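Structural overview for review
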Amino acid sequence: MPRNNPKDKYEQGASSYNSPSSLRKTTTYMSAEDQASGKKSTWSELEITGTIRNLTTSLFQMTHLTGLTLKHNCLQRIPPDICHLVNLRNLDLSHNKLRSLPAELGDLIHLRELQLGNNHLRMLPYELGRLFNLMVLGLMGNPLSKDIMSIYTEPNGTHKLLTFMLDNLQVTTPSPPPRPWIPLARPTASRPACIFTVMCYNVLCDKYATRQMYSYCPSWALNWDYRKKGILEEIQHYAADIINLQEVEMEQFYNFFMPELKAHGYHGIYSPKSRAKHMGEAERKYVDGCAIFYRTSKFTLVKEHLVEFNQLAMANADGLEHMLNRVMPKDNIGLAALLQTTENAWDNAPPDAQFISQPILVCTAHIHWDPEFCDVKLIQTMMLSNELKTILEESVQTLRANNVNISDPSNIQLVLCGDFNSLPDSGVIEFLSTGRVSQDHQDFKAFSYKSCLEKVLSCDKPNEFTHSFKLASAYNDEIMPFTNYTFEFKGIIDYIFYAKNTMTPLGLLGPISQEWVAQNKVIGCPHPHVYSDHFPLLVELEMVPTISGPINGIIR
């Protein structure tokens, strides 16, 4: 019978996951007074008990149901159409005569409680392993195999059994089709130009790739030894000239990425997050950080720079409590490489011309992740922009010392990319894209950072913080609806910014096939065919020179 106005509350008690008592439900019925007043009845649970042998197909059109109780009937089978009840949280099929279950039951990924006790089940479909939200699974009273029951009756048996079934579920999903290349402009043939590709990729480090975080992904597909091969193949396939990676563990940089990419003509720099400085050698190697690789045939490294946000917060706090308590404890970093182009990097130069050793500053950053700390994200990004300004000013002196004919920091071109953990409508992206953000922006929340930031940043207009870089984002939500794709979150948080006055995007890598995602019910990544929860970004840029070429054989 329908239940009026149910209010289900899920409470994980101290008892075992296998115990039905670990979830408590409370139901509110419509009162006689409400009925008399003509109040409209709404319900989302249905209970049918008695001697039912078959189920009407109309039942599976009731997609609004969150609870369905069919216990104490004579059902011998459940139709595959049950997969249409996508909003079910509770399903009780206990005390029937079921001998098998449809594989489609595994599509009900929102299920919290599934009661199958006291049936005639001898086996379970491995698709049940896809029910990663399941908290209670009732199996007692079935002639199931000893292997299944031995796992089920262990402490935390439901979780272990679901993991076992998902890990042994055959992967029938085909590999996604190649991501499309989206052409944007044609290269200029009338002047010297450097055409190069830039990749930005958060590879999801091993220590974050847990079953607790990504319980919809088989354990073997989360394993680093499996994922790293796919990640490397992806990087090598796109063969970008500059590769920016986030969430790279120190040990993996030195023992895996560096030797593998060095063999393909790259060199790289790396820094772990700031916490590594306070750890012993054994723990330090598992700290994640940022890496920049560059193709040595096109670029040479002049100098590298590390930007530590916690150190900047401490230096500029001036005793401000929330600067010390909110910003300073977050040990995210930015990493920058001052590069110069080689002769091989340039096209369309006259045959007798000497090549231009154009300086370019490439920076990658990994901004704090927590949505509750949008103020910290914005502060970190603003501090990063100020540090880049300082780095560019210092780089002029460094280049001059190397006999490079450069007069102004604006002659050094800028590429900024990374995982900014910020949506396109955030203060972070507004600041980077427009060059300004209001001092009253909502992302500062109720905290006043004005006194600190005024000492660090430019304030060309009243009530605004500004930066002087002219940046544009290669990607937007019309090109790619998400760069991070998990069950809980799907959105654009990774970006490649370029100097829009001197660089032109010629093309970029498009999104993963939405048709493939929908047809194969890919609810989140990582996935056996997708090796991180982020998708790599790739853009081809055409850069025109901003400095003169060499004089008397000396690169300037």
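Let me sum up the structure you'll find in this document.

Thresholds applied
- Residues numbered from 1 in each chain as written.
- Predicted model: local features only at pLDDT ≥ 70, side-chain atom pairs only at ≥ 80, totals over all residues.
- Heavy atoms only, no water.
- Helix = DSSP H or I, 4+ residues; strand = E, 2+ residues; numbered from the N terminus.
- Buried < 20%, exposed > 50% of the residue type's maximum accessible area, 1.4 Å probe, protein only.
- Contact = heavy atoms within 4.5 Å.
- Areas by Shrake-Rupley, 256 points an atom, 1.4 Å probe, with all protein chains shown as cover.
- Axes fitted to C-alpha atoms, helices over the stretch in contact; angles between N-to-C directions.
- Left-handed = near helix turned anticlockwise from the far one by under 90°.
- Nonpolar A, V, L, I, M, F, W, Y, C, P; charged D, E, K, R; others polar.
- Core = buried A, V, L, I, M, F, W, Y, C linked by side-chain atoms within 4.5 Å.
- Pairing = 2+ DSSP bridges.
- Phe/Tyr/Trp six-rings, centres within 6.5 Å; stacked < 30°, edge-to-face > 60°.
- Lys NZ or Arg CZ within 6 Å of the ring centre and 35° of its normal.
- Salt bridge = Lys/Arg side-chain N within 4 Å of Asp/Glu carboxyl O.
- Expected span 1.5 Å × (residues − 1).
- Polar contact = N/O pair within 3.5 Å; in protein donor to acceptor, adjacent residues only side chain to side chain.

Summing up its helical and strand segments, the protein chain has 13 helices and 26 strands in all. Across its three principal axes, the protein chain shows a C-alpha extent of roughly 95 × 50 × 50 Å. Per-residue burial for the protein chain yields a buried fraction of 54% across its 556 residues. Considering only contacts in the protein chain between residues 6 or more positions apart, those separated by 24 or more positions represent 68%. Accessible area for the protein chain stands at about 24,700 Å²; split by element, carbon and sulfur atoms hold 50% of it.

Let us look at the packing of helix H5 (residues 224-238) against helix H6 (residues 250-262). Relative to each other, H5 and H6 sit at 35°, their axes nearing to 11 Å. Remark: the crossing between H5 and H6 carries right-handed chirality. Residue-level inspection shows Trp224, Lys228, Ile231, Leu232, Ile235 and Gln236 of H5 in contact with H6, the latter providing Gln252, Phe256, Phe257, Glu260 and Leu261. Of the residues that constitute the contact of H5 with H6, the class distribution is 7 nonpolar, 2 polar and 2 charged.

The next point concerns the nonpolar core. In globular proteins that are soluble, nonpolar side chains generally tend to be buried together. The biggest cluster of nonpolar side chains holds 118 residues, and the ones touching the most others in it are Phe196, Leu245 and Phe293. The element contributing the most residues to this core is helix H10 (residues 374-401), with 11 residues. Setting aside residues up to four positions removed in sequence, Phe293 forms contacts with Asp241, Ile242, Ile243, Leu245, Phe253, Phe257, Met258, Leu261, Tyr266, His267 and Gly268. Leu93, Leu131, Met149 and Ile151 belong to the second-largest nonpolar core, a separate cluster that totals 36 residues.

This paragraph deals with the sheet that holds strand S17 (residues 359-366). In any sheet, the strands associate via hydrogen bonds between backbone groups, in a parallel or an antiparallel arrangement. Taken in spatial order, the 6 strands of this open sheet run S14-S15-S17-S18-S24-S21, and their pairing is mixed. The open sheet has two free edges, formed respectively by strand S14 (299-308) and strand S21 (471-473), since each of these has just one partner strand. Each strand of the sheet is rotated relative to its neighbour by a mean of 20°, with strand direction disregarded. The sheet contact formed by strand S15 (residues 333-341) and S17 spans 7 bridges and is antiparallel. Counted as the bridge partner of Leu338 is Leu361 from S17.

Tallied over the full model, the rule gives 21 aromatic pairs. Here Phe253 and Tyr254 contribute two aromatic rings whose centre-to-centre distance is 4.8 Å and whose plane-to-plane angle is 90°, an arrangement assigned as edge-to-face. For Phe253, a relative accessible area of 1% puts it in the buried group. Ring plane angle 45° and centroid distance 6.3 Å describe the contact between Phe444 and Tyr449, whose orientation is recorded as tilted. For Phe444, a relative accessible area of 3% translates into the label buried. Note on Tyr449: relative accessible area 2%, which makes it buried. A connected cluster of aromatic rings, assembled from ring pairs, spans Phe132, Tyr214, Tyr216 and Phe487. Sitting above the plane of the Tyr208 ring, Lys207 keeps its charged end 4.7 Å from the centroid. Between Lys330 and the ring centre of Phe373, over which it is positioned, the NZ or CZ distance is 4.1 Å.

Relative to the elements of secondary structure, Lys228 occurs in helix H5. Along the chain, Lys228 and Ser297 lie 69 residues apart, while their C-alpha atoms are 25 Å from each other. Not counting chain neighbours up to four residues away, the residues in contact with Lys228 comprise Gln252 and Phe256.

With that settled, the discussion passes to the environment of His72. With respect to the secondary-structure elements, His72 resides in the loop between strand S5 (67-69) and strand S6 (90-92). Its relative accessible area of 43% is what places His72 among the partly exposed residues. His72 sits 46 residues away from Asn118 along the chain, and the two C-alpha atoms are 9.5 Å apart. Residues in contact with His72, not counting those within four places in the same chain, are Thr49, Gly50, Ser94, His95 and Asn96.

Another aspect to go through is the pattern of salt bridges. Here the structure, examined in full by the defined rule, presents 14 salt bridges. A salt bridge links Asp225 to Lys228; its shortest N-O distance comes to 3.6 Å. Placement of both Asp225 and Lys228 in helix H5 is noted, with a separation of 3 residues, approximately one turn of the helix. Residue classification places Asp225 among the partly exposed residues on the basis of a relative accessible area of 48%. The class of Lys228 is buried, set by a relative accessible area of 19%. Arg275 is paired through a salt bridge with Asp331; the nearest N and O atoms lie 2.7 Å apart. With Arg275 in the loop between strand S12 (266-272) and helix H7 (281-284) and Asp331 in the loop between helix H9 (321-327) and S15, the pair connects residues that are 56 residues apart, well separated along the chain.

Moving on to H5. The first and last C-alpha atoms of H5 sit 21 Å apart over 15 residues, in line with the 21 Å expected at 1.5 Å per residue. Among the residues of H5, those classed as buried are Trp224, Arg227, Lys228, Gly230, Ile231, Leu232, Ile235 and Tyr238. Contacts from the buried residues of H5 go to strand S10 (193-202), helix H4 (219-222), strand S11 (242-249), H6, strand S25 (503-509) and strand S26 (537-543). A side-chain oxygen of the first residue of H5 lies 2.9 Å from the backbone nitrogen of Asp225; this N-cap is Asn223. Just downstream of H5, Ala239 is the residue with a positive phi angle, here 50°.

No statement about biological role is implied by the geometric values presented.
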